Amino acid sequence: MKKFIAALLVGAMCVSLAACGSKKADDTADTTAAETTESTDAAADADAADGEFTTVADGVLTMGTNAAFPPYEYKEGDQVVGIDAEIAQALADKLGLKLEILDMDFASLITAIQAGKVDISLAGMTVTEERKQNVDFTDSYATGVQVIIVKDGSDIASVDDLANDKIIGVQEGTTGHLYCSDDYGEDHVIAYTNGATAVQALLQDKVDCVVIDQQPAEEFVEANDGLKILDTEYVVENYAAAVSKDNPALTAALNKALQELKDDGTIQGILDKYIKAE
Amino acid sequence: MLEGLKKGLYQTFILDDNYQYFIKGIQTTLIVTVFALILGVILGVIIAIIRSAHDQQPERKKNIFLRLANLICQIYLTVIRGTPMMVQLLIMWFVVWASARATDGNMIRCAILAFGINSGAYVAEIIRSGIMSIDKGQMEAGRSVGLTYATTMRCVIIPQAFKNVLPALGNELITLLKETSVVTVIGLRDLTKGALIIQSKTYQAFVPFFAIAAMYLVMVLGLSWLMGKLERRMRQSDLR
């Protein structure tokens, strides 16, 4: 009797697993079919110009990001939305791929690209020499400014004041983290896993200031009373999408698509939609 | 492959004196673990005594203070064991101790408090199991030769109970050591944070993570060896 039940269970499991498998296959088949009819031209163009590129999952552009960085990426319900999400969607449409977004820690993004877990990463990521050694970057699609958030009435008035034994809150692995660690020493920099936690720490006087990208900084300041952004910026830098070094064809295809999107004004439109003119 | 490993090792340990992150990280991890354990054991013993005193008394003879103390202990155990360590730590740092500046000293003190309070709940139940495992006759014997309840507890019951619970206590110590890795959420630079910082600087994941895995393993081996020694020492009177 026991054996019979065991056999039955094994059978049931096989059937259910098989069901899962075939359903997934159907799904992708459906979507690829739909996508291809939609954008055969674009895909064909890209293929002809740049040779074959491969993605982690067939027919899907897997993007990694850290969805705690408004307005570039943040969560609305379960959905990751924002500038980067929309640009990635536009890129995926151009390439004839379906977009899938994975949310992870910012510091893990480049590792995830190297490990082949995601194809690209759009996360308001600045192009730096160190990063270039480990991943390829597409052309820049936006410029970012690192600014300093302080509380109203803070004795920090400019970048120079940061040197006076201040504790600086940053988001782990961001350029702000790297630059501040180099400039002011590791002991004066507290790295939090996301920007919101760093701002929380600032509100409670745990840190004296937060160095973070301008757009999220503006959102944070707007959402919390008693904070302000210093007029002098910390650094100015370029944002770009990161792609694995093993996949130059994808970088080329993305650059081509990016250029087309810049030319037809799509990128500017997306930026304007999220970043209000001052 | 070998080239990559060499580059990884170089970037992880030698470049920019990165090995310093590991040394400082181990110090922080050990400080938090040891002091949290001490706090946890103190809390645990007190709670275990209250709880077992309450449980061992007949229903009609229980006094109101003991009932109240037992109730408080039970609430503490339920809340602490029923919520994730990381959440407790975040609450401790951002809510309870909101006024603290983010200096290393403050973060370490906060971590010790949070982990000590957390550990206390688990240690309490471990020690209570030890107290309950000692035969009722031991207490009766102690009391009948004229020892007070407290003295019997201190000199007869607890020493025997402690010996019984050593393996379980060692288990808790090892769990505590590894669990301290969640202090990264408040920004404290422990061993795990060190590896994360190195990862974000060099984009190497393989070497730093394996390195800290090995370091945690070595620390745990050291602790188990110490616990083993302590256990043997406690068994010396056991020649029967």
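Please read these numbers as outputs of a predicted model, since none were measured by experiment.

Criteria and thresholds
- Residues numbered from 1 in each chain as written.
- Chains lettered and ligands numbered in written order.
- Predicted model: local features only at pLDDT ≥ 70, side-chain atom pairs only at ≥ 80, totals over all residues.
- Helix = DSSP H or I, 4+ residues; strand = E, 2+ residues; numbered from the N terminus.
- Buried ≥ 20, exposed ≤ 12 C-beta atoms within 10 Å, placed from the backbone.
- Contact = placed C-beta atoms within 7 Å.
- Core = buried A, V, L, I, M, F, W, Y, C linked by C-beta atoms within 7 Å.
- Domains from an automatic or database assignment.
- Nonpolar A, V, L, I, M, F, W, Y, C, P; charged D, E, K, R; others polar.
- UniProt positions renumbered as here; feature names shortened; annotations may be inferred.
- Expected span 1.5 Å × (residues − 1).
- Pairing = 2+ DSSP bridges.
- Right-handed = clockwise from strand over helix to strand, strands pointing away.

S.K.: Please set out the overall build of chain A residue by residue, giving values where relevant.
M.R.: Broken down by element type, chain A carries 9 helices and 11 strands. A burial count over chain A gives 41% of its 278 residues as buried. Across chain A, the fraction of contacts at a sequence separation of at least 24, relative to all contacts at a separation of at least 6, is 72%.

S.K.: Any chance you could break down the nonpolar core for me, citing the residues and the numbers?
M.R.: Membership of the largest hydrophobic core comes to 118 residues, with the highest contact counts inside it found for Ile-149, Cys-209 and Val-210 of chain A together with Ala-111 of chain B. No other element matches the 13 residues that helix H5 (residues 104–133) of chain B contributes to this core. A domain split of this core shows at least three residues from each of domain 1 (26–143 + 238–274) and domain 2 (144–236) of chain A. When residues no more than four places from it in sequence are discounted, the contact partners of Ile-149 of chain A are Val-199, Leu-202, Cys-209, Val-210, Ile-212, Ala-217, Phe-220, Val-221, Leu-227 and Ile-229 of chain A.

S.K.: I'd like to hear about the domain arrangement of chain A, residue by residue, with values.
M.R.: Residues and elements named next belong to chain A. The assigned domain composition of chain A is domain 1 (26–143 + 238–274) and domain 2 (144–236). Across the contact, 15 residues belong to domain 1 and 15 residues belong to domain 2. Class assignment for the residues of the side of domain 1 that touches domain 2 results in 9 nonpolar, 5 polar and 1 charged.

S.K.: Can you lay out the UniProt feature "domain: ABC transmembrane type-1" (unreviewed entry) in chain B for me, pointing to particular residues and giving the numbers?
M.R.: Per the UniProt entry, the sites bearing "domain: ABC transmembrane type-1" (unreviewed entry) are residues 26–227 of chain B in this numbering. Secondary structure across residues 26–227 of chain B comprises 82% helix and 0% strand; the distance between its end C-alpha atoms is 20 Å.

S.K.: Describe unusual backbone geometry, with residues and values.
M.R.: Residue and element names in this part refer to chain A. With an omega dihedral of 0°, the bond running from Pro-70 to Pro-71 counts as a cis peptide bond. One can find Pro-71 in the loop between strand S1 (60–65) and strand S2 (74–76). At Asp-205, a residue that is not glycine, the phi angle is positive and equals roughly 60°. Here Asp-205 is to be found in the loop between helix H6 (195–203) and strand S9 (209–213). Judged by local crowding, Asp-205 falls into the partly exposed class, with 15 C-beta atoms found within 10 Å.

S.K.: Any details on the UniProt feature "transmembrane region" (unreviewed entry) in chain B? Residues and values, ideally.
M.R.: Residue and element names in this part refer to chain B. Sequence positions flagged by UniProt for "transmembrane region" (unreviewed entry) are, in local numbering, residues 30–50, 71–100, 106–124 and 205–226. Secondary structure across residues 30–50 comprises 100% helix and 0% strand; the distance between its end C-alpha atoms is 30 Å. This span, residues 205–226, is 95% helix and 0% strand, and a straight line between its end C-alpha atoms measures 32 Å.

S.K.: Can you lay out the interface of chain B and chain A for me, pointing to particular residues and giving the numbers?
M.R.: Taken together, the contacts link 15 residues of chain B with 20 residues of chain A. Here the side of chain B that touches chain A takes 5 residues from helix H8 (residues 191–202) of chain B, the largest share from any one element.

S.K.: Explain the environment of Ala-240 of chain A to me, and be specific about the residues and the numbers.
M.R.: Residue and element names in this part refer to chain A. Mapping Ala-240 onto the fold places it in strand S11 (residues 235–243). With 24 C-beta atoms counted inside 10 Å, the residue Ala-240 sits in the buried group. Sequence separation between Ala-240 and Val-81 is 159 residues; the distance between their C-alpha atoms is 17 Å.

S.K.: Can you tell me about helix H9 (residues 206–234) of chain B, naming the residues and giving the values?
M.R.: Residue and element names in this part refer to chain B. Taking 1.5 Å per residue, 29 residues should reach 42 Å; H9 reaches 42 Å between its end C-alpha atoms and fits that length. Along H9, the residues classified as buried are Val-207, Pro-208, Ala-211 and Ile-212. Where H9 is buried, its residues contact helix H1 (2–14), helix H2 (19–56) and H8.

S.K.: Describe in detail the pairing of strand S7 (residues 168–171) of chain A, supporting the description with residues and values.
M.R.: Residues and elements named next belong to chain A. Across the two faces of S7 the burial is the same, with Ile-168 and Val-170 and Gly-169 and Gln-171 all buried. Bridge count for S7 against strand S8 (residues 189–192) is 4 bridges, and the pairing is parallel. Considered in S8, the bridge of Val-170 is made with Ala-191. Chirality of the crossover, the property in question, places the unit of S7, helix H5 (residues 175–184) and S8 among those that are right-handed. In this sheet, S9 lies alongside S7 in parallel orientation, the contact comprising 2 bridges. Residue Ile-168 lies in a different strand from S9, and its bridge partner there is Cys-209.

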